[in-house]
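Here's the letter readout for the chains.
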Amino acid sequence: MSTETTTSAPIATIASLSAHEGQTITLRGWLYNLRASGKLLFPIFRDGTGTIQGIVPKAAVSEEVFETLKNLTLESSLTVTGKVRADSRAPSGYELDVESIAVLQRVPEDTPFPITLKEHGVDFLMEHRHLWLRTPRQSAILRVRATIMRAAAEYFDTNGFIRTDPPILTPNACEGTSELFEMDYFDDDKAYLTQSGQLYIEATALALGKVYSFGPTFRAEKSKTRRHLTEFWMIEPEVAFLELDGLMNLAEGFITHIITRVLESHRADLKVIGKDIAKLEAVVGTFPRLSYDEAHAMLDEAHKAGKIEAPHKYGDDFGSPDETYISSQFDKPVMIHRYPAAFKAFYMQPDPLDPSKALCVDVLAPEGYGEIIGGSQRIDSYDLLKSRIEEHHLPLDAFQWYLDLRKYGSVPHAGFGMGIERAVAWICGLDHVRETIPFARTLNRIYP
Ligand code: 4AD
Ligand code: MG
């Protein structure tokens, strides 16, 4: 197989056609769709950067070109040469007057490409995820995901943060052992896949001041919801001398930057995906901040007014319907702070004004997408942290190094984690996180 073309026309991509209007160019890609109407063929080509419709009148091309295209199977790979013509009715703004075509690999007739334009069930699509990725909507989601990841890292890179990568193989749990993937680690030892880099970047933050980590994290929790993956990507900043208010400012600036970048370069993709762009445009400026108590009062009122079915019990975490109701009251992400310490992680600093509350924050995305960020100020007292580790029945030995951070120059510090897939689901308006990552790992799927 060779990618050499039969003509000397310059190679172009569909995304760059505006620079080639009126010229003859060669595209390298695949046959996405084909319509025939008598002596006219309308193939749609895709090349990874977009799709373009070709026009092939029988009289305008050689018999061979016409017959080759007319009988070509979907997703066959090819190079096609033609003249770029502006057409305001075309989704990409251009059409291609096809001159010649060279087929690289023809998909056999008896094993046609399994994904067609008709509706397929989700299980079928996930089973064929390696091919589903080729469809325009899935490709658009992955492009937006890439920008979200780049913008997220860029925000910290350009604001004085040092990227420090924590280990993926860890000797103990960050937030309890029930959600850990365990594996053998030589000579009868056990290791666990990380569920958060936080504890390690607390150490690097006390070395470098402002740090972040960005990598895959793992949760073995048996949750089968539209928000849970067993493997997901988390970006986590951690900052020395930062307290809860500063942490909320950081989260606000961070999310605003990501949305700005997505709107800058993905309006066309968001349209293909079907996201209401106006909803993203509303996400600028300051985000509402509610304490747990205020959020509870809001739910209480809503329940009394018959706006939500189940009452929220004071002291309990918010359920998914609670979060959906709260976020539906605002058009921006909502920050809920100072949850009861009782159901939050052991390392969270108690609120000095009410030690039953933790100095923590969850950011809920608009439109019912739920929690996208979780973070807190960390306990900085050695004695308090030690007693919390004991109360939570965590192995003190394993946390000795973590306690050291409170022994040698302890300072107030804070950080948060944002799951990339939750952010992609919200920003793209997707029903389920399985479409937010190339190959989702969930409770009941690890293929392909
Ligand atoms: O709220 P979580 O569990 O917080 C932590 O792990 C902290 N140690 C982070 C920190 O303070 N540095 O997780 C943080 C975020 C959630 O808000 C959510 O976006 C995402 O990680 N997340 C998941 N995403 C997909 N699937 C799952 N099972 C997720 N669990 C958490
Ligand atoms: Mg959380």
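Residues numbered from 1 in each chain as written. Chains lettered and ligands numbered in written order. Predicted model: local features only at pLDDT ≥ 70, side-chain atom pairs only at ≥ 80, totals over all residues. Heavy atoms only, no water.

Peer 1: Looking at this structure, how should I read the overall build of the chain?
Peer 2: Within the chain one finds 13 helices and 18 strands. Referenced to the eigenvectors of the C-alpha coordinate spread, the extents of the chain come out at roughly 85 × 60 × 40 Å. Classification of the 448 residues of the chain by burial places 50% in the buried group. Taking as baseline every contact in the chain between residues at least 6 positions apart, the subset at least 24 positions apart corresponds to 66%. Within the structure as shown, the chain displays about 21000 Å² of accessible surface, and the carbon and sulfur contribution to it stands at 53%. (Helix = DSSP H or I, 4+ residues; strand = E, 2+ residues; numbered from the N terminus. Buried < 20%, exposed > 50% of the residue type's maximum accessible area, 1.4 Å probe, protein only. Contact = heavy atoms within 4.5 Å. Areas by Shrake-Rupley, 256 points an atom, 1.4 Å probe, with all protein chains shown as cover.)

Peer 1: What should I look at first to understand the sheet that holds strand β7 (residues 169–170) in this one?
Peer 2: Sheets are built from strands paired through backbone hydrogen bonds, the pairs being either parallel or antiparallel. Pairing is antiparallel in the open sheet, where 3 strands are placed in the order β7-β9-β8. Each end of this open sheet is capped by a strand with a single partner; those strands are β7 and β8 (182–185). Relative to strand β9 (residues 189–193), β7 is paired through 2 bridges, and the arrangement is antiparallel. Each bridged residue has a counterpart across the sheet, and for T170 the counterpart in β9 is Y192. (Pairing = 2+ DSSP bridges.)

Peer 1: Whenever I open this one, the packing of aromatic side chains confuses me. Can you help?
Peer 2: The geometry of two aromatic rings is summed up by the distance between their centres and the angle between their planes. Applying the stated criterion across every chain yields a total of 20 aromatic pairs. Geometrically, the ring pair formed by Y292 and Y314 is edge-to-face, given 5.5 Å between the ring centres and 65 degrees between the ring planes. Placement of Y292 in helix α9 (residues 292–304) and of Y314 in the loop between α9 and α10 (320–328) is noted, with a sequence separation of 22 residues between them. Centroid distance F346 to Y402: 6.3 Å. Interplanar angle 70 degrees. Geometry classified as edge-to-face. Of this pair, F346 sits in the loop between β13 (334–337) and β14 (350–351) while Y402 is found in helix α12 (residues 400–404), placing the two residues 56 residues apart along the sequence. With respect to burial, F346 and Y402 carry one shared label: buried. An aromatic cluster is present here, built from Y155, F156, F161, Y212, F254 and F416 joined pairwise through their rings. For K344, the ring lying beneath its charged end belongs to Y339, and the centroid distance is 4.3 Å. Positioned above the aromatic ring of Y402, the side-chain terminus of R406 is 4.3 Å from the ring centre. (Phe/Tyr/Trp six-rings, centres within 6.5 Å; stacked < 30°, edge-to-face > 60°. Lys NZ or Arg CZ within 6 Å of the ring centre and 35° of its normal.)

Peer 1: Looking at this structure, how should I read the domain arrangement of the chain?
Peer 2: Interface extent is often summarised as the accessible area lost during association of the parts. For the chain, the assigned domains are domain 1 (14–105) and domain 2 (130–435). Computed over C-alpha atoms, the centres of domain 1 and domain 2 are 45 Å apart. (Domains from an automatic or database assignment.)

Peer 1: Is there a simple way to think about the packing of α9 against α10 in this case?
Peer 2: Relative placement of two packed helices is described by the angle separating their axes and the distance separating the axes. At their nearest, the axes of α9 and α10 sit 10 Å apart, and the two run at 95 degrees to each other. Comparing their axes, α10 and α9 come out roughly perpendicular. Judged by residue contacts, A295, M298, L299 and A302 of α9 engage D322, Y325 and I326 from α10. (Axes fitted to C-alpha atoms, helices over the stretch in contact; angles between N-to-C directions. Parallel < 35°, antiparallel > 145°, perpendicular 65-115°, else oblique.)

Peer 1: In this structure, what is going on with helix α11 (residues 382–391)? I would like to understand it.
Peer 2: Within an α-helix, residues lying three or four positions from one another point in the same direction, as the helix has 3.6 residues per turn. Every buried residue belonging to α11 is among L385, R388 and I389, and all of these are buried. Buried residues of α11 fall within an arc of 100 degrees about the axis and therefore sit on the same side. When the buried face of α11 is taken as reference, the exposed residues oriented beyond 90 degrees from it are D383 and E391. Among the structural elements, β14 and α12 are those in contact with the buried residues of α11. Measuring from the side-chain oxygen of the N-cap residue of α11 to the backbone nitrogen of D383 gives 3.4 Å; that N-cap residue is S381. In the stretch just after α11, H393 is the one whose phi turns positive, near 55 degrees. (Arc of directions from axis to C-beta. Polar contact = N/O pair within 3.5 Å; in protein donor to acceptor, adjacent residues only side chain to side chain.)

Peer 1: So what exactly am I meant to see when it comes to the sheet that holds strand β6 (residues 162–163) here?
Peer 2: One open sheet accounts for 8 strands, arranged β6-β10-β11-β18-β17-β16-β13-β12; its pairing is mixed. What marks the edges here is a single partner per strand, and that holds for β6 and β12 (289–291). Helix-sheet contacts for helix α5 (residues 198–208) involve β6, β10 (210–218), β11 (231–240) and β18 (413–419), and the interaxial angle to β11 is about 30 degrees.

Peer 1: It is not clear to me how the environment of V284 should be interpreted in this structure. Could you clarify?
Peer 2: In this structure, V284 sits in the loop between α8 (277–281) and β12. Remark: the alpha-carbon pair of V284 and A240, spanning 44 residues in sequence, is separated by 27 Å.

Peer 1: What exactly am I supposed to notice about the side chain of S376 here?
Peer 2: Inspection of the secondary structure assignment puts S376 in strand β17 (residues 370–377). A polar side-chain atom of S376 sits 2.7 Å from a polar atom in the side chain of R378. Ignoring any residue separated from it by four or fewer positions in sequence, one finds S376 in contact with L247, Y347, M348, L359, C360, A414 and G415.

Peer 1: What is the right way to look at the pairing of strand β3 (residues 51–57) in this model?
Peer 2: Each regular strand shows side chains that alternate between the opposite faces of the sheet. Strand direction decides the pairing type here: strand β2 (residues 40–46) and β3, joined by 5 bridges, are antiparallel. By the bridge assignment for β3, L40 is matched with P57. One ladder, built from 3 bridges, connects β3 with strand β5 (residues 94–105); its direction is parallel. Following the sheet pairing, Q53 is matched in β5 by E95.

Peer 1: Before we go on, may I ask you to explain the pattern of salt bridges in this structure?
Peer 2: Pairing is possible between side chains that carry opposite charge, provided their charged atoms lie close to one another. Scanning the entire structure with this criterion turns up 33 salt bridges. For R134, the salt bridge is made with E75, and the minimal N-O distance between the two is 2.9 Å. Note that R134 is positioned in the loop between α3 (129–132) and α4 (136–157) and E75 in the loop between α1 (63–70) and β4 (77–86), a separation of 59 residues in sequence. (Salt bridge = Lys/Arg side-chain N within 4 Å of Asp/Glu carboxyl O.)

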